[in-house]
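Residue-level structure breakdown
Residues per chain, in single letters:
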Amino acid sequence: MFLKLLFRNVFRHKLRTLLTILGISVAILAFGLLRTVISAWYAGVEASSSSRLITRNAISLIFSLPVSYKEKIRSVDGVKTVSYGNWFGGIYIEEKNFFANFAIEPRSYFELYPEYVLSEEEASAFFRDRKGFVAGYKLANRFGWKIGDTVSLRGTIFPGNWDFVLRGIYRGKDKTSDDNQFFFHWDYLNETMKKTIPRRADQVGFYIVGLKNQDIAAEASVAVDKLFRNSNAETLTETEKSFQMSFVTMSEALLTVIQLVSYVIIVIIMAVVANTMAMSVRERMGEYAVFKTLGFGGRYLAFLILGESLALTAMGGLTGILFTFPAASAFGKAVGQFFPVFHVSVETILLDISAAFLVGIVAAMIPVWRVVQVRIADGLGRIG
Amino acid sequence: MNILFFYSLRNLLTRRLTTALTALGMALVVFVFASIIMLAEGLQKTLVDTGRYDNVVVIRKSAVTEVQSGIDRFQAAVVETLPEISLGIDGKRLVAKEMVVLITIEKKDSNSRANVVIRGISEASLPLRPQVKLIAGHMPRPGSFEIIVGKNIASGFRSAGLGETLVFGMRSWKVTGIFEAGSTGYSSEIWGDVNQLMPAFRRPVYSSVLLNLSKSEDFETVKSSIQNDPRLTLEAKRETVYYREQSEAMATFLRILGTSLTIIFSIGAVVGAMITMYAAVASRTGEIGTLRALGFRRTTILFAFLFESLLLGLLGGLTGLFLASFLQFLTVSTTNFQTFSELAFSFMLTPGIVVKSLIFSLMMGFAGGVLPAFRASRLNIIAALREG
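Residues numbered from 1 in each chain as written. Chains lettered and ligands numbered in written order. Predicted model: local features only at pLDDT ≥ 70, side-chain atom pairs only at ≥ 80, totals over all residues.

**Comments concerning the overall build of chain A**
To keep it simple, the criterion reads: Strands here mean DSSP runs of E at least two residues long; helices mean DSSP runs of H or I at least four residues long; both are numbered from the N terminus. The quantity called the radius of gyration is restricted to C-alpha atoms. Its globule counterpart is 2.2 Å times the number of residues to the power 0.38. Remark: C-beta atoms are placed from the backbone, and a residue is labelled buried if 20 or more other C-beta atoms sit within 10 Å of its own, exposed if 12 or fewer do, or partly exposed between those counts. Residues are defined as contacting one another if the C-beta atoms placed from their backbone atoms lie within 7 Å.
Of regular secondary structure, chain A possesses 15 helices and 12 strands. Scaling as 2.2 N^0.38, a compact globule of 384 residues should have a C-alpha radius of gyration of about 21 Å, whereas chain A reaches 29 Å, well beyond that. The principal-axis extents of the C-alpha atoms in chain A amount to approximately 95 × 45 × 35 Å. Expressed as a percentage of the 384 residues in chain A, the buried residues total 43%. Considering only contacts within chain A whose residues lie at least 6 apart along the sequence, 82% involve residues at least 24 apart.

**Overview of the overall build of chain B**
Helix and strand content of chain B: 12 helices and 12 strands. Radius of gyration (C-alpha) of chain B: 30 Å, far over the 21 Å computed for a compact globule of 388 residues. Counting all 388 residues of chain B, 52% fall into the buried class. Within chain B, contacts between residues separated by at least 24 positions form 83% of all contacts whose residues are at least 6 apart in sequence.

**Remarks on helix 11 (residues 351-377) of chain B**
Turn by turn, an α-helix covers 3.6 residues, leaving residues three or four places apart pointing in a common direction. Residues and elements named next belong to chain B. We count it as follows: To estimate how far a helix should reach, multiply one less than its number of residues by 1.5 Å.
Relative to the 39 Å expected for 27 residues at 1.5 Å per residue, helix 11 spans 37 Å between its end C-alpha atoms, a close match to the ideal helical length. Residues of helix 11 that are buried: Ile-353, Ser-357, Phe-360, Ser-361, Met-364, Gly-365, Gly-368, Gly-369, Pro-372, Ala-373, Ala-376 and Ser-377. Looking at the packing, one finds that the buried side of helix 11 touches helix 2 (16-50), helix 8 (239-283), helix 9 (285-294) and helix 10 (298-325).

**Structural notes on the pairing of strand 8 (residues 189-193) of chain B**
Residue and element names in this part refer to chain B. The condition that has to hold: At least two bridges found by DSSP between two strands are what make those strands a pair.
Of all the 5 residues making up strand 8, 5 are buried; the element is thus mostly covered by neighbouring parts of the structure. Bridge count for strand 3 (residues 113-121) against strand 8 is 5 bridges, and the pairing is parallel. Paired with Ile-118 across the bridge in strand 8 is Ile-190. Across 3 bridges, strand 5 (residues 146-150) lies against strand 8 in antiparallel orientation.

**Notes on the nonpolar core**
Applicable threshold: Here a nonpolar core is just a set of buried residues of the types Ala, Val, Leu, Ile, Met, Phe, Trp, Tyr and Cys, joined wherever their C-beta atoms sit within 7 Å.
By size, the foremost hydrophobic cluster in this structure holds 177 residues, and its most contacted members are A:Ile268, A:Val273 and B:Val29. Leave out the neighbours within four places in its chain, and A:Val273 touches A:Thr20, A:Ile24, A:Ser309, A:Leu312, A:Thr313, A:Val359 and A:Ala363. By size, the runner-up hydrophobic cluster in this structure holds 49 residues, among which are A:Ile54, A:Tyr84, A:Leu189 and A:Ala217.

**Here we look at unusual backbone geometry**
We note that A:Asp202 has phi near 55 degrees; this positive angle belongs to a residue other than glycine. You can see A:Asp202 is positioned in the loop between helix 8 (186-196) and strand 10 (203-204). Accessibility expressed as a C-beta count within 10 Å gives 13 for A:Asp202, which makes it partly exposed. Its identity as a non-glycine residue notwithstanding, B:Ser62 has a phi of 70 degrees, on the positive side.

**Things to note about the interface of chain B and chain A**
Counted only if it meets this: The classification used treats Ala, Val, Leu, Ile, Met, Phe, Trp, Tyr, Cys and Pro as nonpolar, Asp, Glu, Lys and Arg as charged, and all other residues, Gly among them, as polar.
The interface of chain B with chain A comprises 49 residues on the first partner and 42 residues on the second. Of all elements in the fold, only helix 2, strand 2 (95-106), strand 3, helix 8 and strand 11 (331-336) of chain B reach the threshold of two or more residues within the side of chain B that touches chain A. The greatest single-element share of the side of chain B that touches chain A, amounting to 15 residues, is contributed by helix 8 of chain B. For the side of chain B that touches chain A, the class distribution of residues is 28 nonpolar, 17 polar and 4 charged.

**Quick look at the pairing of strand 1 (residues 55-60) of chain B**
Residues and elements named next belong to chain B. Taken across its 6 residues, strand 1 has 6 buried, putting it largely inside the fold. For strand 1 and strand 9 (residues 208-212), the ladder comprises 4 bridges, and the chain directions are antiparallel. Paired with Val-56 across the two strands is Leu-211, which belongs to strand 9.

**Things to note about the confidence of the model for chain B**
Residue and element names in this part refer to chain B. Put simply, the rule is: Across the chain, each position has a pLDDT score giving the predictor's confidence in that residue, from 0 to 100.
Per-residue confidence for chain B averages 88 on the pLDDT scale, and 99% of its residues sit at or above 70. Per-element averaging of pLDDT across chain B places strand 11 at the bottom with 81 and strand 9 at the top with 95. Confidence metrics for the complex model read pTM 0.80 and ipTM 0.77.

Given below as structure tokens:
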């Protein structure tokens, strides 16, 4: 009886119910998208491993380190593999085609990043060709590159036009991997620098240090930095996770804004649902008075209203969550250059559900209070 | 006709809770709408104000920012001799060879670090930027390890206050002055003598050459003489253009974010207004019938309900703007993706944004009210009277 009454009430005003559900689903959709934007920001952190360290120049990222540090770093206890690279910052045709491009030492780099899966033939083809490059499959798809294609980048940090030949397309092992990157031989960069700007040759932007076991990360970082203290290029070594995290904190302010905005939408929809419930309850005040006369307690009526509110938000929330997936994939395509990794996480869905639940409860509060408080005579005498 | 408008007004007052909730929904949407364009506006104003129209920035070809650029001493010397450069009050040519690099220093309030622009300046750097004013201490003496910091740096970063010492480039640098540069990007920079900073960072090259034109229209001449000189691999840009380009990506990002958010959010608020207005029409069916019987026309009824909804929208819009106007006291400090350096800017409320927000809120009111108003105007007199 209770449930039947509840659902009859929900669908009494079909148009109003429909509109409210529409409002809730749009809000939950927006909330889910914003949460996904935030988690996309942290994608680099998610994908990083704590058994890898990043060593860079202590002054800032734009300063380089001599390539000769490699052997010294390798001598530190617990270090297994050392790779290195440079942020190249090349532009493909136009600035808006932004993607990350790195000059790296290929063999050790792919050894350190087993999550970038490259077939054996492609890997050896890439290793052999000094002018070769590999791209993530999303990046290759975005520009329609095929194996054997020549791609030219305009250097912003390293002047000139640079030609590369696509030798392989890698695929990330899991969803958090960044499949939008571009890697080429550090040797190609270095040989060219030796000819054009000799003072910038034999310099690397960062070292990636693979550890034998991740428990010694802290000691190993200190040991590496100690090696180069008081040298011309002091180093700063930290785990890959905290390195990536430093990028996130740089745009902390923006992140906070987006976070706040995602809560604002919840408040907006709370106002809408609370309004719907307040109106419905006001119209039915007479009926509730009759219920009270018949002997139904305040608690019964409270659950009736709360249930109605929750049923509304549950339907709206469900629709919103269902639409989040297609919307996120469309949005992810549109902002691919800002966020290489964009997918809806389980956590986001859970947050969606709890937000909908919260809205349902808060929206029912004032109406419930009114109904419980109202005296039978007042309720009966009231005109909707 | 007037009576009906009072009728609408009184109705909003009578159903206070519903009116407040609906207006609150719209107010929040307007708040978000206004705050994000205010942020984009503030960012652009900051970077546009940083440049002067008759100043020219010379950087290496295809470098987008000063930090990426490198100009060796010989090339810088060639640029310095251009005849179009103006003379300062002391009779010296207004041209500055500068070095710009990023250093990572710690923020005051959190343990996070940020990249900050450090600019090696020459004698003409200050006269070239009249918006920069020293507000405390003195300029760095040439040849000394002294630096001055922008006021956002002094307030936001650890050990960057007057008289304190920053350590970078294997040396200690004493902060001898604080400068203010209005709402420009310079307020987030650190300045020191270029001839001391270059060896400290072991960079034998300058980053940029900044010069002032004696006649602003000479820009094309300067540009072509730099680009056509086979000894130079440089590019000249007006300072205003240079800084506008640096804010483009971030401003675009903010605008896209703002627009898509408000479109989605406004659906929620419009739905809220629609629910309220449909309920208003439904509960007043009898009254509408009476009004029609008294001789009020369908169009008058339509306008009365539309007016009520527009009023609701306006109320929301004004509340939202009122809330958003307080944001002007806030300063946001974040990393500009394009230059990779820290930049502080504030929310800016312009008359244009006020107008846009109000139009937007009226549009929401209209969208929410138009269908219910049509329903009200199309009610059959007899049926409406009977129902009431």
